Amino acid sequence: MEKKQFQAESKRLLEMMINSIYTQKEIFLRELISNASDAIDKLYYKALTDEELSFNQEDYYIKVSADKDKRLLTITDTGIGMSEEELEQNLGTIAKSGSLAFKQENESKDGHDIIGQFGVGFYSAFMVADAVTVKTKQLGSEQGFKWESNGTDGYTIEPCEKETVGTEITLKIKGNTEDDNFDEYLESYRLQAIIKKYSDFIRYPIKMDVTVQKPKADNEEELEEVTEEQTINSMVPIWKKNKSELTDEDYENFYHEKRYGFDKPVKHIHISVDGTLRYNAILFIPERTPFDFYTKEYEKGLELYSNGVLIMEKCADLLPDYFSFVKGMVDSEDLSLNISREMLQHDRQLKMIAKNMTSKIKSQLKSLLKNEREKYETFYESFGRQLKYSVYSDFGQHKDELQDLLLFYSGNEKKLISLDEYVEKMPEEQKYIYYATGESHNRIEKLPQTELVAEKGFDILYFTDDVDEFAIKALASYKDKQFKSVSSGDLGLEDAEEEAKTEAEQEEHKALFEHMKQTLGDKVKDVRLSKRLRSHPVCLTAEGELSIEMEKVLQAMPDNPNVKAEKVLEINGDHDIFSSLKEAYEHDKEKLELYTNLLYNQALLIEGLPIEDPVEFTNNMCKVMA
């Protein structure tokens, strides 16, 4: 029999298909099952429009069977079948999609779409098979036909005997190599796993003969191996069901079945859009972070389906980075896909879906914050850091979208509050949103820098996360109220009379402060009288954009940019220590230098900064005690 050759461009495409287009060989089964489902869809559609045809759904299925000894894998369907001409057109010319042509000629009005519009997935079979045989018999025909090929060498078509309408595809599975274990595609458990992964929601039963252990008929205490036909796929996807039919438990079961996480999701979002762009989505807001969430290994993304067939396990383009914690799936018939289902075109439809879902996620989080505060705080404990980092990253371009989702610990209320709640309770005379940074709430409460703000009764937000201050710097203000660190140069709290008094005293003891500054050298930018201290003798503050806490974060980074905050040593003029400093300046400059170094190191300790020379600090303490 004469072997026909593929067209030149088709041959090149087939070589690409076999060698490089698909990233995982296992998807060949997805492609063949999708084509089989498509063939049944065509028969179903014909039955809708032809009164002489009846469609009894129970008679239509896909069967997968393997013969290990002969290394044969067979996929059989009870669909519409193909004529000799269609075999030639659809399998002889690659990238000719019979399903696409059928779809264009018969626009389905009942919601049944045609999967085969993707084109050439059939040829993925050659990734795992040395030879492929297709036996088919078309609806209404008495004659069956057989198509055979061993790849790029060409193909043959000849008449054959076939009793039933439909198509049977048999793959001669390749032998194992050093790089590939092809035996796995003959193992029942592996085939079942691939079907569940990619084709679980095909609308027709996918059947296999499965060996199970059952009690013997004559002795129920003994077990025997029995082979029985089982339906492997669940068929009806949860997202195609009406929301009113589903319970929270149904969504949670789906979350765990799909291995989105081992926790219990805080909330689910079920989206059904049926307009110019049609899609369904089920999204989950997790309760706990995955173990690798804050590592480079973590991959964001949603599962992407097209008409119930899994196209991509993690489609990153569907989620912005700041919502990378969201799990779930999207199913659409309208996305533009090229010859390989896993190669997604970056098109307008995808961007529209992503934009809509981003809006839905934000809306759901705001609703949680407002109506289910405890649940939101549980979520925020896990993912608040991600939201705060996203406010700061990308030059703050997402800050407006995220600022209302942020929570910070309130010094006055001893609980987490939103920025909106802080501003709502601000006294009329309060100009700024005040915050303090530190390692813990307890440490912050004891900071000397908080005294003046707390004395006025103004609330202070406690920042204990290393990204907090960076996020606030990116925000700059909220509802026209600027953020102000309790350690910043000017707190905006002193009245004119107090300020004049402090400045006069600063001028009076200018020489003292100059001497102290000289003693410390470039460790500080200045030494001055404090306007903020009440009971504490000393503190460090910072001038400029970089705070002391930000310096600590940056210094801890692996590449260590070695940047320093412009530190100012502030002395409490009402404290006994100031009298000692003045006396030492007048009578014992050496003692003044001793006091100055001690006070500077004490201020470092208060800030949680390392002392440059612990031995010297200890010796100085001993000198004072002596």
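Residues numbered from 1 in each chain as written. Predicted model: local features only at pLDDT ≥ 70, side-chain atom pairs only at ≥ 80, totals over all residues. Heavy atoms only, no water.

**As for the environment of Leu318**
- Along the polypeptide, Leu318 turns up in the loop between strand E12 (309-315) and strand E13 (327-332).
- Apart from the residues lying within four places of it in its own chain, the contact partners of Leu318 are Leu302, Leu304, Val330, Leu350, Ile353, Ala354 and Met357. (Helix = DSSP H or I, 4+ residues; strand = E, 2+ residues; numbered from the N terminus. Contact = heavy atoms within 4.5 Å.)

**Observations concerning the packing of helix H15 (residues 510-520) against helix H17 (residues 576-587)**
- Taken N-terminus to C-terminus, the directions of H15 and H17 make an angle of 85°; their axes are 10 Å apart at the nearest point. In terms of orientation, H15 lies roughly perpendicular with respect to H17. Along its contact with H15, which presents Ala511, Leu512, Phe513, His515 and Met516, the element H17 presents Phe578, Leu581, Lys582 and Tyr585.
- By residue class, the composition of the contact of H15 with H17 is seven nonpolar, one polar and one charged. (Axes fitted to C-alpha atoms, helices over the stretch in contact; angles between N-to-C directions. Parallel < 35°, antiparallel > 145°, perpendicular 65-115°, else oblique. Nonpolar A, V, L, I, M, F, W, Y, C, P; charged D, E, K, R; others polar.)

**Quick notes on the pattern of salt bridges**
- By the definition in use, this model includes 43 salt bridges.
- Notably, a salt bridge pairs Glu229 with Lys207, separated by 3.9 Å at the nearest N-O pair. In this pair, Glu229 is assigned in strand E8 (residues 223-231) and Lys207 in strand E7 (residues 206-215), connecting sequence segments 22 residues apart.
- As a salt-bridge pair, Asp468 and Lys388 come within 2.7 Å of each other at their nearest N and O atoms. Here Asp468, found in helix H13 (residues 468-475), pairs with Lys388, found in helix H8 (residues 373-392); they are 80 residues apart in sequence, far enough to count as distant.
- With relative accessibility at 7%, the residue Lys388 sits in the buried group. (Salt bridge = Lys/Arg side-chain N within 4 Å of Asp/Glu carboxyl O. Buried < 20%, exposed > 50% of the residue type's maximum accessible area, 1.4 Å probe, protein only.)

**A closer look at the sheet that holds strand E22 (residues 566-571)**
- The three strands lie next to each other as E20-E22-E21, forming an open sheet whose pairing is mixed. Taken across any chain shown, the strands that pair with only one partner, and hence form the sheet edges, are strand E20 (526-529) and strand E21 (538-543). Here the strands of the sheet are splayed against their neighbours by 30° on average, with no regard to which way each runs.
- Two elements, E20 and E22, share four bridges in a ladder whose sense is parallel. By the bridge assignment, Val527 is partnered in E22 with Leu569.
- Against the sheet, helix H18 (residues 589-607) touches E21 and E22, its axis set at about 70° to E21. (Pairing = 2+ DSSP bridges.)

**Points about the nonpolar core**
- Core analysis: the biggest nonpolar cluster contains 133 residues, and Trp147 and Leu171 have the highest contact counts within it.
- Sort the elements by how many residues they give to this core and helix H2 (residues 27-49) lands first, with nine residues.
- Core analysis: the second largest hydrophobic core is formed by 24 residues, Phe513, Leu529, Val538 and Leu569 among them. (Core = buried A, V, L, I, M, F, W, Y, C linked by side-chain atoms within 4.5 Å.)

**Overview of unusual backbone geometry**
- Even without being glycine, Met235 reaches a positive phi, approximately 75°.
- With a phi close to 55°, Asn307 is a non-glycine residue in the positive phi region.
- Relative to the elements of secondary structure, Asn307 occurs in the loop between strand E11 (302-306) and E12.
- A relative accessible area of 10% places Asn307 in the buried class.

**Focus: the packing of aromatic side chains**
- Under the defined criterion, the tally for this structure stands at 32 aromatic pairs.
- An angle of 75° between the planes, with centres 5.6 Å apart, marks the rings of Phe122 and Trp147 as edge-to-face. One end of the pair, Phe122, is in the loop between helix H4 (98-105) and strand E3 (129-137); the other, Trp147, is in strand E4 (residues 144-149), and 25 residues separate them in sequence.
- Assessed through its relative accessible area of 6%, Phe122 is described here as buried.
- By relative accessible area, Trp147 is classed as buried at 0%.
- Note on Phe408 and Phe463: the rings are 4.8 Å apart at their centroids and 40° apart in plane angle, and the pair reads as tilted. (Phe/Tyr/Trp six-rings, centres within 6.5 Å; stacked < 30°, edge-to-face > 60°.)

**Topic: the packing of H17 against H18**
- Their axes nearest at 7 Å, the elements H17 and H18 cross at an angle of 145°. Touching Ile577, Ser580, Leu581, Ala584, Tyr585 and His587 of H17 are Lys589, Lys591, Leu592, Tyr595 and Leu599, all from H18.
- Residues of the contact of H17 with H18, tallied by class, amount to seven nonpolar, two polar and two charged.

**Examining the confidence of the model for the protein chain**
- Chain-level statistics for the protein chain give a pLDDT mean of 88 and a share of 91% at 70 or above.
- Long-range and interchain partners of residues 95-100, a stretch whose pLDDT sits below 50, account for 16 contacts in this model, where long-range means more than four residues apart.
- Note on residues 107-119: pLDDT is under 50 here. Beyond four places in sequence and across chains, it has 44 contacts. (pLDDT = per-residue confidence, 0-100.)

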